[in-house]
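# Analysis of the macromolecular model
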Amino acid sequence: MDLNWKEGFTIPTGKLYPFQWNWDSGFTSIGHSHFNLDFAIQELASLFSGQWDNGMLPHIIFHSEKEKTYFPNYDFWDANVNAGAPHKPKTSGITQPAVHGFVLESLLERFPDNEKLIAFVKGIFPKVVKSHRFLYTYRDPEREGLMFIFHPWESGRDNSPLWDESLDRIEVKKEELPPYERRDTSLAPKDERPTTYQYDRYVYLLQLGKNNRYDELGIFEESPYLVQDTLMNAVLIKSNESLIKIGKRFGFDVGELEEWQQQSIPKFQEKLWHAGLQTFAAYDLRGQQHIEHKEIGGIAALYANIPTEDQAKALNDYLQSLHQRGYYICPSFDVDSPLFDSKRYWRGPIWPQMNWMIYHGLKNYNFTDTADIVKSDLIELVSKLGFYEYFESQKSVAEKLETGYGGGDFSWTAACTLDLLKSNGHI
Ligand code: GLC
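Residues numbered from 1 in each chain as written. Predicted model: local features only at pLDDT ≥ 70, side-chain atom pairs only at ≥ 80, totals over all residues. Heavy atoms only, no water.

## Details of the overall build of the protein
Broken down by element type, the protein carries 17 helices and eight strands. By the compact-globule yardstick of 22 Å for 427 residues, the protein fits well, its C-alpha radius of gyration being 20 Å. Seen along its three principal axes, the alpha-carbon backbone of the protein occupies a region of about 50 × 50 × 45 Å. Counting only residues that meet the buried cut, the protein has 65% of its 427 residues in that class. Put simply, 70% of the contacts in the protein that link residues at least 6 apart link residues at least 24 apart. (Helix = DSSP H or I, 4+ residues; strand = E, 2+ residues; numbered from the N terminus. Rg over C-alpha atoms; globule rule 2.2 N^0.38 Å. Buried < 20%, exposed > 50% of the residue type's maximum accessible area, 1.4 Å probe, protein only. Contact = heavy atoms within 4.5 Å.)

In C-alpha cells form, the structure reads like this:
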C-alpha cells in the first residue's frame, strides 16, 4: 500500500491501473486505517473530490492528466460533456459498487472516539448519501428499489460471463467505433484479460454514454445493456445499513435511507432469487429475465444481510461443496459452466475483496466454518503466490504456480489480507 500511495490516494497497482479507482479506494482505506488513519481519510476525501453535481461517484479519478499509459484515459471519456462533471480532477463517466458507507462504518469501529475521524465522517456523510440518492433516482426510474448498471465496468466484474448475452446483442460496426488502442494487453498476459470482441462492446457502451452526455434518462432509453446486478445492489444495501447506523449516532435524518432499505431488501430477496439455481441472479432489464448463472455477486448478498435463513443455507452449502471438490472459495464464476475459465479475470479466478465481503457475510449468518475457509484460502494464496490482483481457483492448478494473475503488488489485496489477519487477532 505504501508503494502505491501517490500523495493523497492509492493506485490499485503501478502500470496497469495508474489512477484512483472507486471501490478499490474503499477497501484500501480500510487497509490504511490499520497503520495510518490519515491516509485512510485522505483516500476517501480525494475520491469524493471527483463526485459529480448529480451525486455520481465516478469509477476512475484521473488525478494526473500527464499519465498517458492507460486506456480509456480522461480525454476518451470526455466527462465534461456533462455540465455537472468536475473539471479538476478529470473523471470517467460511470460508477462502481457503493462501498463507502460500510467503509466509514469499518473505520469508526476501529476508532470510535477519534475526533479527526468523527469530523471527517460528519463532513462526508451527506456526500455518500448523495451518491446513493443518485443511484436510486437515475438508475431506478421505475422505483423498484433495485438500481441498474449500463456498463459491465460499473459492476466491478468487467468481463464476467454474466454479461456475454447482453453484449452479444450489440452489433458493433467497426467503422462506427472511434479508433482506440488497448494498453492492458501489453502490460498483463493476453489470456488473463478480456477479449477484443468484449472490448469493442465496452467502448460501444462508453460512446453511448458519452453521446447522451452521460444523461441517465437517455441511457435508460437507449442502452442495449441494462442490468440489475446482484453485487451492485447488495453493496448499496449494505452501505445503506451502515449509513443508517452512522447517521443515527451523529444526529442526521435517516428517513430516506430507511425508506430505500424497506423497499430494496424485500425486492432483492424476491426478484433476484433464482429458485432453480438456488442463488441470487442478476436481472437483465432488456431481456426481462434473470441472467441464469451461479456467480459470486449472488453470494455477496450474504454480506448485506439480505438472504432469508433458507437462502443463506443454500449459499453456504454451495460454498462447502466447492471446497470439498478442491476449489479455493469462492471462484468468481460457476465452475461447472462451459464459460468458466479459472485464469481469465472475472470468469473464474479468486478475487481478494470478494473473499473479504463473503467472509463477513458468512459470519453474519454464523457459518463460521465456511467463513474461516474463505479467509484462510485467501491468506494461503497470498502467502504462496504474492499480493496479486486475482488468483487461480483450482487448487490442483495453483499448486504448480509461482505467482497469482493480473497485476502484482495490488493494493486491495494487501488491504483485505491485512484486515482479515487483524480481525482475528493474528497480528
Ligand atoms: C478491474 C476490475 C475492477 C477494479 C479495477 C481496478 O477493472 O475489474 O473491479 O476496480 O480493475 O483494480
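Back to the write-up after that little detour.
## Digging into the pattern of salt bridges
Tallied over the full model, the rule gives 24 salt bridges. Ionic pairing is found between Glu154 and Arg139, a salt bridge with its closest N-O pair at 2.8 Å. A residue pair is termed long-range when its members are at least 10 positions apart, and Glu154 in the loop between α5 (115-138) and α6 (164-168) and Arg139 in the loop between α5 and α6 qualify at 15 residues. For Glu154, a relative accessible area of 0% puts it in the buried group. The partner of Lys173 in a salt bridge is Glu176, and the shortest N-O contact between them spans 3.9 Å. Residue Glu176 is classed as exposed on the basis of its relative accessible area of 53%. (Salt bridge = Lys/Arg side-chain N within 4 Å of Asp/Glu carboxyl O.)

## Let's talk about the packing of helix α1 (residues 22-33) against helix α14 (residues 352-364)
Closest axis-to-axis distance for the α1/α14 pair is 11 Å, and the angle between their directions is 65°. The handedness of the crossing between α1 and α14 is left-handed. Touching Trp23, Phe27 and Ile30 of α1 are Gln353, Met354, Trp356 and Met357, all from α14. Classifying every residue of the contact of α1 with α14 gives six nonpolar, one polar and no charged. (Axes fitted to C-alpha atoms, helices over the stretch in contact; angles between N-to-C directions. Left-handed = near helix turned anticlockwise from the far one by under 90°. Nonpolar A, V, L, I, M, F, W, Y, C, P; charged D, E, K, R; others polar.)

## Considering the sheet that holds strand β7 (residues 283-284)
Reading across the sheet, the three strands line up as β4-β7-β8 and stay open at both edges, with antiparallel pairing between neighbours. On the outer flanks of this sheet lie β4 (227-228) and β8 (289-290), each paired with one strand and no other. In this structure, β7 lies alongside β8, joined through two bridges in antiparallel fashion. Directly across from Asp284, in β8, lies its bridge partner Gln289. (Pairing = 2+ DSSP bridges.)

## Description of the packing of aromatic side chains
Enumeration according to the criterion identifies 39 aromatic pairs in this entry. When the ring of Phe148 is compared with that of Phe220, the centres are 5.5 Å apart and the planes differ by 25°; the resulting orientation is stacked. On the criterion of sequence distance, the pair formed by Phe148 in the loop between α5 and α6 and Phe220 in helix α9 (residues 216-222) is long-range, its members being 72 residues apart. Relative accessible area serves as the criterion here: at 1%, Phe148 is assigned to the buried category. When the ring centre of Tyr303 is taken as reference, the NZ or CZ atom of Lys238 above it lies at 4.8 Å. It is Lys294 that lies over the ring of Tyr318; its NZ or CZ is 4.5 Å from the centre. (Phe/Tyr/Trp six-rings, centres within 6.5 Å; stacked < 30°, edge-to-face > 60°. Lys NZ or Arg CZ within 6 Å of the ring centre and 35° of its normal.)

## Observations concerning helix α2 (residues 37-48)
An ideal rise of 1.5 Å per residue puts 16 Å on 12 residues; α2 measures up with 17 Å between its terminal C-alpha atoms. Of all 12 residues in α2, nine are buried, a share of seventy percent or more. The set of residues buried in α2 consists of Leu37, Phe39, Ala40, Ile41, Glu43, Leu44, Ser46, Leu47 and Phe48. Among the structural elements, β1 (20-21), α1, β2 (60-62), α4 (100-110) and α5 are those in contact with the buried residues of α2. (Expected span 1.5 Å × (residues − 1).)

## Considerations on the packing of α4 against α5
Close contact between α4 and α5 brings their axes to 11 Å; oriented N to C, the two are set at 165°. By the angle class used here, α4 and α5 are roughly antiparallel. Handedness of the crossing formed by α4 with α5: left-handed. Where α4 approaches α5, its residues His100, Gly101, Leu104, Leu107 and Leu108 are matched on the opposing element by Leu117, Ile118, Phe120, Val121, Ile124 and Val128. (Parallel < 35°, antiparallel > 145°, perpendicular 65-115°, else oblique.)

## Concerning the environment of Pro307
Considering the arrangement of structural elements, one finds Pro307 in the loop between α12 (296-299) and α13 (309-324). When the C-alpha positions of Pro307 and Glu105 are compared, they lie 21 Å apart, and in sequence the two are 202 residues distant. Leaving out residues up to four positions away in the same chain, Pro307 has contacts with Gln269, Phe280, Ala301, Leu302, Ala312, Leu315 and Tyr365.

## A word on the side chain of Asn22
Topologically, Asn22 is positioned in helix α1. Of note is the side chain of Asn22, whose polar atom sits 3.1 Å from the backbone oxygen of Leu57. What Asn22 contacts, discounting residues up to four positions off in sequence, is Leu47, Leu57, Pro58, His59, Thr95, Gln96, Pro97 and His100. (Polar contact = N/O pair within 3.5 Å; in protein donor to acceptor, adjacent residues only side chain to side chain.)

## Description of the nonpolar core
The biggest cluster of nonpolar side chains holds 139 residues, and the ones touching the most others in it are Trp23, Phe27, Phe102, Phe268, Met354, Trp356 and Met357. When residues of this core are assigned to their parent elements, the largest contribution, 11 residues, is made by α5. Contacts of Phe102, omitting those with residues within four sequence positions, involve Phe27, Val235, Lys238, Ser239, Ser242, Tyr303, Trp356 and Met357. (Core = buried A, V, L, I, M, F, W, Y, C linked by side-chain atoms within 4.5 Å.)

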